[in-house]
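# Results of the structural survey
Letter by letter, the chains look like this.
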Amino acid sequence: MQYIWIALLLINAVGFLLMHLDKQKARRHRRRISEATLFTVAALGGSLGVWGGIYAFRHKTLHRRFTWGVPLIFAAQLALAAWLFWRLR
């Protein structure tokens, strides 16, 4: 169980850092991190990190896909975790 928490912490840190890196690249007019990559990290468990990065760096806040999509992914992950906890109890 401890490994799951460590993995979730790492993937959320990656999501947060990717949002920061993408914001920096946007400011410098450099090649950006694809939205598909950001959503993949969110779907793999990093939704809270990506969501935090959206607001911490004011990045992608005008994109409905992010302001609605990432919280929905997070809600789905919470629901899945609650279901798994209930089933495996």
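Presented here is a report on the structure given in the accompanying data block. (Residues numbered from 1 in each chain as written. Predicted model: local features only at pLDDT ≥ 70, side-chain atom pairs only at ≥ 80, totals over all residues. Heavy atoms only, no water.)

## A few points about a nonpolar patch on the surface
Together, Leu-80, Trp-83, Leu-84, Trp-86 and Leu-88 make up a nonpolar patch on the protein surface, roughly 590 Å² of accessible area in all. Within the element layout of this structure, Leu-80 appears in helix H3 (residues 64–88). Given a relative accessible area of 48%, Leu-80 falls into the partly exposed group. (Patch = residues over 30% accessible without salt bridge, like charges linked within 9 Å, V, L, I, M, F, W, Y side chains within 5 Å. Areas by Shrake-Rupley, 256 points an atom, 1.4 Å probe, with all protein chains shown as cover. Salt bridge = Lys/Arg side-chain N within 4 Å of Asp/Glu carboxyl O. Helix = DSSP H or I, 4+ residues; strand = E, 2+ residues; numbered from the N terminus. Buried < 20%, exposed > 50% of the residue type's maximum accessible area, 1.4 Å probe, protein only.)

## Brief notes about the environment of Gln-2
By the secondary structure assignment, Gln-2 is in helix H1 (residues 2–27). Judged by its relative accessible area of 58%, Gln-2 falls in the exposed class. Spatially, the C-alpha atoms of Gln-2 and Arg-58 are 32 Å apart, while their sequence positions differ by 56 residues.

## Regarding the packing of H1 against helix H2 (residues 35–56)
Look at H1 against H2: their axes get within 7 Å of each other, and the N-to-C directions meet at 55°. It follows from the interaxial angle that H1 and H2 lie oblique. The two elements H1 and H2 meet at a crossing, and its hand is right-handed. Split into classes, the residues belonging to the contact of H1 with H2 amount to 13 nonpolar, eight polar and one charged. (Axes fitted to C-alpha atoms, helices over the stretch in contact; angles between N-to-C directions. Parallel < 35°, antiparallel > 145°, perpendicular 65-115°, else oblique. Left-handed = near helix turned anticlockwise from the far one by under 90°. Nonpolar A, V, L, I, M, F, W, Y, C, P; charged D, E, K, R; others polar.)

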